[in-house]
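Analysis of the macromolecular model
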Amino acid sequence: MSGTFRSLRHLTREALPRLDHYRNLASIVRAPGGGQRPTLDDLHQPPGDKQTLVEAPRDGQEEGVAADRKFGWVKGVLVRCLLNIWGVILFLRLPWVTGQAGILDGLLIVTCGNVVTVISALSMSAISTNGQIKGGGTYYMISRSLGPEFGGAIGLIFSIANAVAASMYIVGFCESINDLLASFQVKIIDGGVNDVRVVGTVTLVVLFAICVIGMEWEARAQLVLLVVLLVAIVDYVIGAIVGPLNDEELAKGFTGFNSTVLLSNLYSDYRLDHLDASGKSHDFFSVFSVFFPACTGILAGANISGDLKDPSAAIPKGTLLAVVITYASYVFLIVVSGAVVVRDATGNVTQAADWSFTECQNATCEYGLQNSSQVMELVAIVGPIIYAGCFAATLSSALASIVSAPKVFQALCKDKLYPHIEFFARGYGKNDEPYRGYVLTFFIVLVFTLIARLDAIAPIITNFFLAAYALINFSTFHASLQRIPGWRPTFKYYNLWLSLLGGVMCTAIMFLIQWWTGLLTVAIIIILYLVVAHRKPEVNWGSSTQAQTYTLALNSVASLGHVEEHVKTYRPQILVLCGAPSARPPLLHFANSITKNMSLLIAGHCLKEQQPNRVRTRMTTEATKWLVRGKIRAFYTLADGPSHEQAARNLMCNVGLGKLRPNTVLMGYKANWQSCPQEELHSYFKTIHYAFDLHLAVGILRVDGGLDYSNLTEVTEEEEKTLAASTNYPAASSSSAPSTSAPPLPEGGEVSLHPAHFTEKETQISPSATSGHLTSTPSYPPSPAEERLPSDTILGVLKLAKKKKSPTYKGPSGEVVAPQVVDSMLRFTRKQPQGTIDVWWLYDDGGLTMLIPYILTTRSTWSSCKLRVFCLANKKDDLASEHRRMAELLCKFRIDFTDVVMIPDVQRKPREDSLKDFQNLISNFLIDPEEETPEAAQGITETELLALKDKTNRHIRLRELLLEHSGEASFIVMTLPMPVVGTVSAWLYMAWLETLTRQMPPFLLLRGNQSSVLTFYS
């Protein structure tokens, strides 16, 4: 066989199926010398340099504790579950439960408790057989099933529950010690609560010392402890069969098997608790809350899942068998207790002859099922064996809980779901013992031990464990409901509806036992859930909640596909041709201000050359991280093609799913159109045509300083600390820093299709520009950050101190970029100064030119800006009526505005200086009439200029009007001129856009697809 494998290895690069390839979820990623299966590129691409593969560990070799030191299902699960279930409740409270509830209600209480635990055990068996289980027990199973939010919540409260359970077992042990000492008339302080506190503290210290320095004894001694427990139970049964040995035992209520006693104890007799100093009156659910912790031992085996040889096989087998055995024993012991011991007895030997010891009217009854916690010791043939069994049960359970709590908490800390808990994740020694967790557990157990009241602790544990059981059941139900292909448990004896019933029962019992503790438990889980959800831990466990997200999204998209579109439900779904998101932040920030929490936003990246899958994956990962870090809810997608415009067209045609596809394309203005290669200009121009051909709305954004910041890199916290120590680091890297030393803002490169960084500088407004002249003076207007608050006032100082610090960026050479550049880059994430958004709604495009500005005013960053609407007048002599009609139309659209301005003279001939400036703008692209050819011209022809003279003059006149009315606006939105196919060239069209937008405030040219997006109908 080995020769066959050697031959196959030399003949093919394929790998044979083996367990090692699936042990690590990242095994498909090739690691040097890792011996994993080859990647798809390894098989599909031609072979390169051969690498020597190192054999991976053979099947069966696991990390962590060696296999020969791990436990099987008997020693690791069955024995531990029996030791925990047969604990303090069995010896101290089971007879009391029989006295309060009677045999019938007692059997119902035991059955209800075991129904919950059986269903939970079935659910846990399904989860534990659905793949390999690691350390962490219940936390591991829930977190990997329901995700880190629920897992983190239940992991934390389950760790606390185990610590509290340890204190309960210690208190039970102390009560037994007190009763033993009282039989010899010995006491430490008061023979009551204070003695429990003293003995409990000493016991805790001893158990803690054993955990720290002598853990090996537990594995060797657990079988001996189990034998002691079994002997104690048998001792009790034999004593019940033999009956009372003297009148003293009879006077204390032990009658032996007696039909009269059996019938008198058949029904409930809920009353005040004589064992409770508060004299609490009990009912069915309060008695159930005291008994239920006896059922919680089913998790003892799961809690040490990391120490089991085969958790998937051991947990179901050992847990279910333990539940069956303990349930049968509880049922048997309740019947025996109700048949051999009366509820009340005086203990007066002189009353034994006539059986008047049950009459408590004129005497105090200190014995019997209701009044004594040492009934089992009274009935047993050898009383001290009961003490030995009680000591063994309580100490072993306490020790198991002290070990379980830090182990579960350590697994939680390793996953870093909560802040500042990594300190407890460190393990020591070859077994990775959580000694730091032991110390924390010690103090938690100590606090609850000092409460010193068993019944006061029991309801707290009941609620925490019920919450854990509820989530275990819900995990199984949820995973089954989602029908995930990866949900394939080998344990088949479960049902999703039964698991749901178990979860509902657990939740209902929580509130029925004690409504306020149930409410408190739920509140704690919700708070812990929200903390993890807010932190968004970087974990990917393939939980069923992830599957549910997919299922809900798929169903929603499918349902949306059957819904006809309506103008009232229109949403601008934007495809931003931005390249890499980090290259053009202003463009994405502006688009996000439109679509935020409302509609679809896709960041499109066009590539001219095909890229390998690993490069595409890396680009997608980096882009997605940038979007998440910037809190931009958008999708990133990239496309390649023979040209940029074809890649853009592929995006427009194919991006999206069903009705979730873009209806608007947003681009950056190509500021370097005058100097770029003709191929780039044609690519940009064709992209606009393609968008209109596909009936998509088109928006083109232009801002001072440009949109391309691809040469800037955000400085990490570590780099910022290093830079802060240098002398050339700006004293104030916040947005309030002075602007006198600001370098030129990054320019050009605003064409989203091209990743290259262009260097052409955009011009700014100069005094001469107000008269219509264009100038190249590179003077930048003050950024919003330069409008400083008066620092000499208390209010100004407080506002400056409260102002959020801007991120720091560095240039290509590592120099720190001035804050003004950062302000310009992040302009659309900041609160916009009070001003106006001027909307030049020139032509009816369906209303998108009006809708987008309105949406902006609903955003908090634009809330201080008001809408001013400019429209073209049809008739000069009827301006008042046209103004009234437009105002009425906007009111019917329910759009708030401050003013409507009608423009009557757009057809007036522009001024000569404006015409001259336009001629200078296009002079380099004019073609001599003698050189015109019938083929496509590479410039602006005389024929084209004459044919489009009126339209050109209209755009020049519009610029004059823009400078007159909107030069001081905060933002301008104008209807985008329509490039008629075959009529206008790319150069003339870009000259129109340049004329309209140059040296203006932030400018959006927008054109809808001529379909209505506004309506005045309800």
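Presented here is a report on the structure given in the accompanying data block. From a predicted model like this one, the values you see are computed outputs, not experimental measurements.

We now examine the overall build of the protein. Along the backbone of the protein there are 35 helices and 12 strands. The buried share among the 1018 residues of the protein stands at 53%. Element-wise, carbon and sulfur atoms account for 59% of the exposed surface of the protein, whose accessible area totals about 47,100 Å².

To continue, consider the nonpolar core. Within soluble globular proteins, side chains that are nonpolar tend to cluster in buried spots. Core analysis: the biggest nonpolar cluster contains 137 residues, and F91, F291, Y330 and Y418 have the highest contact counts within it. Here this core gets 17 residues from one element, more than from any other, and that element is helix α8 (residues 148-183). Non-local contacts of Y330, meaning those with residues more than four positions away in its chain, are made with I85, W86, L90, L94, V110, F291 and A294. Core analysis: the next-biggest nonpolar cluster, separate from the first, contains 64 residues, A647, W673, M974 and W992 among them.

Here the focus is the sheet that holds strand β9 (residues 865-872). Pairing between the strands of a sheet is mediated by backbone hydrogen bonds and can be parallel or antiparallel. The sheet built from 10 strands is open, its strands ordered β3-β2-β1-β4-β5-β12-β11-β8-β9-β10 with mixed pairing. Of all the strands in the sheet, just β3 (635-640) and β10 (899-903) have a single pairing partner and so form its edges. Neighbour-to-neighbour, the strand axes of the sheet open up by a mean angle of 20°, direction not taken into account. Strand direction decides the pairing type here: strand β1 (residues 574-577) and strand β2 (residues 601-607), joined by four bridges, are parallel. Across the sheet, residue L575 finds its bridge partner in β2, namely I602. Against the sheet, helix α25 (residues 644-654) touches β1, β2, β3 and β4 (664-668), its axis set at about 150° to β2. The strands touched by helix α30 (residues 848-857) within the sheet are β4, β5 (697-702), β8 (835-840), β9, β11 (971-975) and β12 (1003-1007), with β8 carrying the most contacts at an inclination of about 165°.

This part is about the pairing of β4. Across the five residues that make up β4, a large majority, five, are buried. In this sheet, β4 lies alongside β1 in parallel orientation, the contact comprising three bridges. Paired with I574 across the two strands is T664, which belongs to β4. Bridge analysis of β4 against β5 gives five bridges, and the strand direction is parallel. Looking across to β5, one finds that L666 is bridged to G699. Each parallel crossover has a hand, and for β4 linked through helix α26 (residues 678-693) to β5 it is right-handed.

Next up on the list: the pattern of salt bridges. Enumeration over the complete set of coordinates arrives at 20 salt bridges. Here R271 makes a salt bridge to D344, at a shortest N to O gap of 2.8 Å. In this pair, R271 sits in the loop between α12 (259-264) and α13 (284-291) while D344 sits in the loop between α15 (311-340) and α16 (375-379), placing the two residues 73 residues apart along the sequence. As far as burial versus exposure is concerned, R271 and D344 are alike and both buried. For the salt bridge of R957 with D905, the shortest nitrogen-to-oxygen distance reads 2.9 Å.

Another aspect to go through is the packing of helix α4 (residues 73-85) against α15. In contact at an axis separation of 8 Å, α4 and α15 are set at 30° when each is read in the N-to-C sense. Classified by the angle between their axes, α4 and α15 sit roughly parallel to one another. Considering how the two elements wind past one another, α4 and α15 form a crossing that is right-handed. Two secondary-structure elements touch here, α4 through W73, V77, L78, C81, L82 and I85 and α15 through A314, I315, K317, G318, T319, L321, A322, I325, T326 and Y330. Across the contact of α4 with α15, the residue classes tally to 12 nonpolar, three polar and one charged.

A cluster of nonpolar side chains, contributed by V234, I238, V242, L245, I381 and V382, occupies part of the molecular surface with about 480 Å² of accessible area. Mapped onto the elements, V242 comes out in helix α10 (residues 216-242). A residue is classified by how much of its surface remains accessible, and V242, at 47% relative accessible area, is partly exposed.

Before going further, it helps to examine empty space enclosed by the protein. Counting across every chain of the model gives 11 cavities of 30 Å³ or more. Empty space within the largest cavity amounts to approximately 100 Å³. In terms of lining residues, the largest cavity is bounded by 13 residues, among which N84, N162, T296, S401 and F465 are the most central. Breaking the lining of the largest cavity down by element, the ones donating at least two residues are α8, α14 (300-303) and α17 (383-414).

It is worth spelling out the packing of helix α32 (residues 912-922) against helix α34 (residues 949-965) at this point. Running from amino to carboxyl end, α32 crosses α34 at an angle of 115°, the nearest separation of the two axes being 10 Å. As for how α32 packs across α34, the hand of that crossing is right-handed. Across the interface between the two elements, S914, L915 and F918 of α32 pack against T952, N953, I956 and E960 of α34.

In this section: the packing of aromatic side chains. In the structure shown here, the tally under the stated rule is 28 aromatic pairs. Considering the side-chain rings of F291 and Y330, the 5.4 Å spacing of their centres and the 75° angle between planes classify their relative orientation as edge-to-face. With a gap of 39 residues between them, F291 in helix α13 and Y330 in helix α15 connect regions that are remote in the sequence. You'll find F291 and Y330 in the same group, each marked buried. Ring pairs connect the aromatic residues F590, F828, W862 and F971, which therefore count as one cluster. Seen from the ring of W541, R144 lies directly overhead, with NZ or CZ sitting 3.8 Å from the centre.

On to the pairing of β10. Taken across its five residues, β10 has four buried, putting it largely inside the fold. Where β9 and β10 come together, five bridges link them in parallel fashion. Opposite R868, over in β10, you have D899 as the bridge partner. What joins β9 to β10 is helix α31 (residues 879-892), and the crossover it makes is right-handed.

Cut-offs applied
Residues numbered from 1 in each chain as written. Predicted model: local features only at pLDDT ≥ 70, side-chain atom pairs only at ≥ 80, totals over all residues. Heavy atoms only, no water. Helix = DSSP H or I, 4+ residues; strand = E, 2+ residues; numbered from the N terminus. Buried < 20%, exposed > 50% of the residue type's maximum accessible area, 1.4 Å probe, protein only. Areas by Shrake-Rupley, 256 points an atom, 1.4 Å probe, with all protein chains shown as cover. Core = buried A, V, L, I, M, F, W, Y, C linked by side-chain atoms within 4.5 Å. Contact = heavy atoms within 4.5 Å. Pairing = 2+ DSSP bridges. Axes fitted to C-alpha atoms, helices over the stretch in contact; angles between N-to-C directions. Right-handed = clockwise from strand over helix to strand, strands pointing away. Salt bridge = Lys/Arg side-chain N within 4 Å of Asp/Glu carboxyl O. Parallel < 35°, antiparallel > 145°, perpendicular 65-115°, else oblique. Left-handed = near helix turned anticlockwise from the far one by under 90°. Nonpolar A, V, L, I, M, F, W, Y, C, P; charged D, E, K, R; others polar. Patch = residues over 30% accessible without salt bridge, like charges linked within 9 Å, V, L, I, M, F, W, Y side chains within 5 Å. 1 Å grid on protein atoms, 1.4 Å probe; cavity = no way out; pocket = protein on both sides within 12 Å on 5 of 7 lines; lining within 4 Å. Points joined across faces, edges and corners; volume = space filled by probe spheres on them. Phe/Tyr/Trp six-rings, centres within 6.5 Å; stacked < 30°, edge-to-face > 60°. Lys NZ or Arg CZ within 6 Å of the ring centre and 35° of its normal.

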